[in-house]
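This is what each chain is made of:
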Amino acid sequence: MTTVAIAGASGYAGAELIRLIHAHPSFELTAITAGSLAGKRLAEVHPQFSAQSDLADLIFADTTAQALAGVDLVFLALPHGTSGALIAELPSSVKIVDLGADYRLTDAAQWEKYYGGSYAGSFVYGLPELPGRRSQIAASTQIANPGCYATAIELSLAPLIASGLVDASDAVIVAASGTSGAGRRATANLLASEIAGSISAYKVGGTHQHTAEIEQELQSLTDSPVAVNFTPMLAPMPRGILATISVKSAASESELRAVLASAYVDEPFVQVLPEGQLPATAATLGSNAVHLQVAKDDRTSRVTIIAAIDNLIKGASGQAVQNANLMFGFSETAGLTAIGIAP
C-alpha cells in the first residue's frame, strides 16, 4: 500500500480527502494534521467518520514536517501562502499534491497581485484533461492542484480556445459556488441568517484570485490574447459550482459541440450533455464529474458554455486523488466516481 498523510485535514477539503483515501484500493492513510484542532479525535471534528472504527480515533497532530515524515505521499490542504515552508522541510522522496494556490502561478508578479507575500515558485499544474498535461503529471513528484472555479472554467473553454473557434480576448464569466468554497471558518458573511434565501457577488472587477491561473492556463493553448472578466457569486447551498462562460464565435453551435465532444470523448470524468440538457450542481455532488453544455445565440454571435462540478471533489479533493493516481501509476479513476448523489 502507498502511505498517505494529509496536512490541514480538519477542513472541508481535508475531510473529503480522508473519505476518498479510505475507500481507495491502493492508498493507506497514516497521519492527519491540523492547526488549532491538533490533539482532537477525527470523529470529534468530522462526525461523519464516527462509525468507522479504523478512522474515528485518529488524532490530529500539529502540522509539522515531523508529523508528515515517513510517508509516500502528502496532500496539503492548507491556507494559501503556507505550503512552501512546510514543503521545504519534507524529504525529496515524498510526493506532494498541494491543494492550495502556492505553486499554481508561474509569474511572481501575478502571485504578488492576487495573493501577496513571498512567491514560492511553481509546480506542474494538475488538471489532467488539459492538452498534454496528463503525461506531465504522471512524470512529476510535486503537483499544484487547480482552484475550484478555475477547474470548471478552464475545462469549459480549453478545447474551444485550442481549436481557434472562439475569441478568448473577451470571455465573460459568472460562476456561483456553494459556501464550502470559502473554507471552514466562522465569518459573518457565511452565517446561515446571512446566506439563506440570498445570492450575492463578491470579488468583482477581476479581483478574484483564480483569474490569474485561468488566464495563465488558457493562454498556454493559443497565440491569441486571452482575457477573462470573472464575477464569482456565493450561492445559498453547501457545495457545488455552476459556471456560465460567454465568448464570441463565428462557428455554429454544432461545430462547437463537436469540438467539446471530441476533446472529452475518452475522459472518464467530463461529460458533454445531450443537446438541450443543462448542467445542474445537484447531479455532480459527491462525484469527480464535470458536466458541460454549449449553446449559441446567433443574434449576438456569442456562445455560452455551462459547467457544473462539486467544488470539494473535482474542484479540490477528488482532483487531488486523480492527480495522485497518475503520479503513482494507478488507474486514474481509482477511488473516484463520476456518478453524483442527487437528490
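The structure contained in this document is the topic of the report that follows.

About the thresholds
Position numbers for residues count from 1 along each chain, tracking the sequence in the order it is written. Totals for whole chains, interfaces and linings use all residues, but because this is a predicted model, local features are given only for residues with pLDDT of at least 70 and pairs of side-chain atoms are given and counted only at 80 or more. Here the side-chain values reflect all heavy atoms present in the structure, with hydrogen atoms and water set aside. Each reported salt bridge corresponds to a side-chain nitrogen of Lys or Arg within 4 Å of a carboxyl oxygen of Asp or Glu. Starting at the N terminus, helices and strands are each numbered in turn, a helix being any DSSP run of H or I of at least four residues and a strand any DSSP run of E of at least two. Each residue is assigned to one of three classes by its accessible area relative to the maximum for its type, calculated with a 1.4 Å probe on protein chains only: buried under 20%, partly exposed between the two thresholds, exposed over 50%. A pair of strands is treated as paired once DSSP finds two or more bridges between them. Throughout, right-handed denotes a crossover for which the path from the first strand over the helix to the second runs clockwise when the strands point away from the viewer.

## A look at the pattern of salt bridges
- Across all of its chains, the model carries 13 salt bridges by this definition.
- Between E129 and K314 there is a salt bridge, with its nearest N and O atoms 3.0 Å apart. In this pair, E129 sits in the loop between β6 (124-125) and α6 (133-138) while K314 sits in helix α11 (residues 313-328), placing the two residues 185 residues apart along the sequence. Each member of the pair, E129 together with K314, is buried.
- Here R134 makes a salt bridge to E267, at a shortest N to O gap of 2.7 Å. Of the two residues, R134 is situated in helix α6 and E267 in the loop between α10 (253-264) and β12 (270-272); the sequence distance between them amounts to 133 residues.
- Classification of R134 as partly exposed rests on a relative accessible area of 26%.
- The exposure class of E267 is buried, given its relative accessible area of 13%.
- Residues joined by salt bridges that share partners form a network here, namely E16, R19, R239 and D310.

## Some thoughts on the pairing of strand β1 (residues 2-7)
- Among the six residues in β1, six count as buried, and that is most of the element.
- Every second residue of β1 is oriented toward a common face, with T2, V4 and I6 on one face and T3, A5 and A7 on the other, all of them buried.
- Pairing of β1 with strand β2 (residues 27-34) involves six bridges; the strand directions are parallel. Of the residues in β2, the one forming a bridge with T3 is E28.
- What joins β1 to β2 is helix α1 (residues 12-22), and the crossover it makes is right-handed.
- Here β1 pairs with strand β4 (residues 73-76) via four bridges, running parallel. Pairing of A7 across the sheet is with L76, part of β4.

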